Amino acid sequence: MRVAQVQFVSWDKAYNFDLNGLNLSKGDKVAVKTDLGVEIGIITGFSDLSDDNHCSPAENSEGGAKAECECPSKKNCRRREIKPILRKATLIDLEKIFSVDENKKAVDYCRKVANKFELEMKIIGAHFSFDGARVTFAFIADGRIDFGDLVKDLTHHFY
């Protein structure tokens, strides 16, 4: 199975998605359905997967794909369902993405709050979900961090 490797932010890995019959190239921005909703990512490459590495969702009675893996032993299944690319990102999709400036402001605010709570962590970046319902912050720390107060403050600020 030929898959596209799609990356959502520079500090995260690329994930495999089914090309879904689309003619796409490296560098194309695409809309994909993830477990957390629709996201916009960039194609970083392509690869071929053997049938041992992925599950093709079975069809339900209406002809659509089921979300479940159809491995013989679901409990011990180590294969991943490969979700399809929905479409090449449109101009409207790209206009909805949070700007670099908005991400920088989010990172700056998170750093300020982390400093307020004297948390020894380095904030690397922020990623707003395509629908704006979630923001994810990436950080590095030498040890475990109790960031409960940080999360409460960020939740109150952003939502």
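S.K.: Teacher, can you tell me more about helix α2 (residues 100–116) here?
M.R.: The terminal C-alpha atoms of α2 lie 24 Å apart, and with 17 residues this matches the ideal 24 Å at 1.5 Å per residue to within 8%. Among the residues of α2, Asn103, Ala106, Val107, Tyr109, Cys110, Val113 and Ala114 are the ones counted as buried. Projected onto a plane normal to the axis of α2, the buried residues spread over an arc of 165° and lie on a single side. Across from the buried face of α2, at angles greater than 90 degrees, the exposed residues are Val100, Lys105, Lys112, Asn115 and Lys116. Buried positions along α2 lie against β8 (122–128), β9 (135–140) and α3 (148–158). Positive backbone phi, approximately 55°, marks Glu118, located one or two places after α2.

S.K.: Help me understand the nonpolar core, please; the structure alone is not making it clear to me.
M.R.: Within soluble globular proteins, side chains that are nonpolar tend to cluster in buried spots. Within the largest apolar cluster, 15 residues are counted, with the highest numbers of intra-cluster contacts made by Cys110, Met121, Ile123, Ala126, Phe137, Leu150 and Leu154. Taken together, the elements giving at least two residues each to this core come down to α2, β8, β9 and α3. Excluding its chain neighbours within four sequence positions, the residues that come into contact with Leu150 are Cys110, Val113, Ala114, Phe117, Leu119 and Met121. Of all hydrophobic cores here, the second largest spans 10 residues; its members include Val6, Leu19, Val30 and Val32.

S.K.: Would you mind showing me how to read the packing of aromatic side chains here?
M.R.: Two aromatic rings are characterised by how far apart their centres lie and by the angle between their planes. Summed over all chains, the structure comprises 7 aromatic pairs. Between Phe98 and Phe128, the ring centres sit 4.1 Å apart and the planes meet at 15°, which makes this aromatic pair stacked. Taken together, the residues Phe98 in the loop between α1 (91–96) and α2 and Phe128 in strand β8 connect sequence positions 30 residues apart. Residue Phe98 is classed as partly exposed on the basis of its relative accessible area, which comes to 26%. Given the relative accessible area of 13%, Phe128 is considered buried. Residues Tyr109 and Phe158 carry aromatic rings whose centres are separated by 6.1 Å and whose planes lie at 90° to one another, so their mutual orientation is edge-to-face. Remark: Phe158 occurs in helix α3 and Tyr109 occurs in helix α2; sequence separation between them is 49 residues. By the ring-pair criterion, three or more aromatic residues cluster together here, those being Phe98, Tyr109, Phe128, Phe137 and Phe158.

S.K.: Would you take a moment to explain α3 for this structure?
M.R.: Along an α-helix, residues three or four apart share an orientation, since each turn contains 3.6 residues. Listing the buried residues of α3 in full gives Leu150, Asp153 and Leu154. Projection of α3 onto a plane perpendicular to its axis shows the buried side chains occupying an angular sector of 95°, all on one side. Across from the buried face of α3, at angles greater than 90 degrees, the exposed residues are Lys152 and His156. Buried positions along α3 lie against α2 and β9.

S.K.: Sorry if this is basic, but what is going on with the environment of Ala126 here?
M.R.: By the secondary structure assignment, Ala126 is in strand β8. When its relative accessible area of 8% is taken as the criterion, Ala126 is described as buried. Between the alpha carbons of Ala126 and Val100 there is a distance of 9.7 Å; along the sequence they are 26 residues apart. Excluding residues within four positions of it along the chain, Ala126 makes contact with Trp11, Asn103, Ala106, Val107, Val135, Thr136 and Phe137.

S.K.: Mind showing me how you'd approach the confidence of the model for the protein here?
M.R.: Predicted coordinates in regions of low pLDDT should not be interpreted in detail. Put simply, the protein has an average pLDDT of 85, and 81% of its residues get 70 or more. Under a pLDDT of 50 for its full length, residues 58–68 has, in the predicted model, 17 contacts with residues more than four places off or in other chains.

Cut-offs used in this document
- Residues numbered from 1 in each chain as written.
- Predicted model: local features only at pLDDT ≥ 70, side-chain atom pairs only at ≥ 80, totals over all residues.
- Heavy atoms only, no water.
- Helix = DSSP H or I, 4+ residues; strand = E, 2+ residues; numbered from the N terminus.
- Expected span 1.5 Å × (residues − 1).
- Buried < 20%, exposed > 50% of the residue type's maximum accessible area, 1.4 Å probe, protein only.
- Arc of directions from axis to C-beta.
- Contact = heavy atoms within 4.5 Å.
- Core = buried A, V, L, I, M, F, W, Y, C linked by side-chain atoms within 4.5 Å.
- Phe/Tyr/Trp six-rings, centres within 6.5 Å; stacked < 30°, edge-to-face > 60°.
- pLDDT = per-residue confidence, 0-100.

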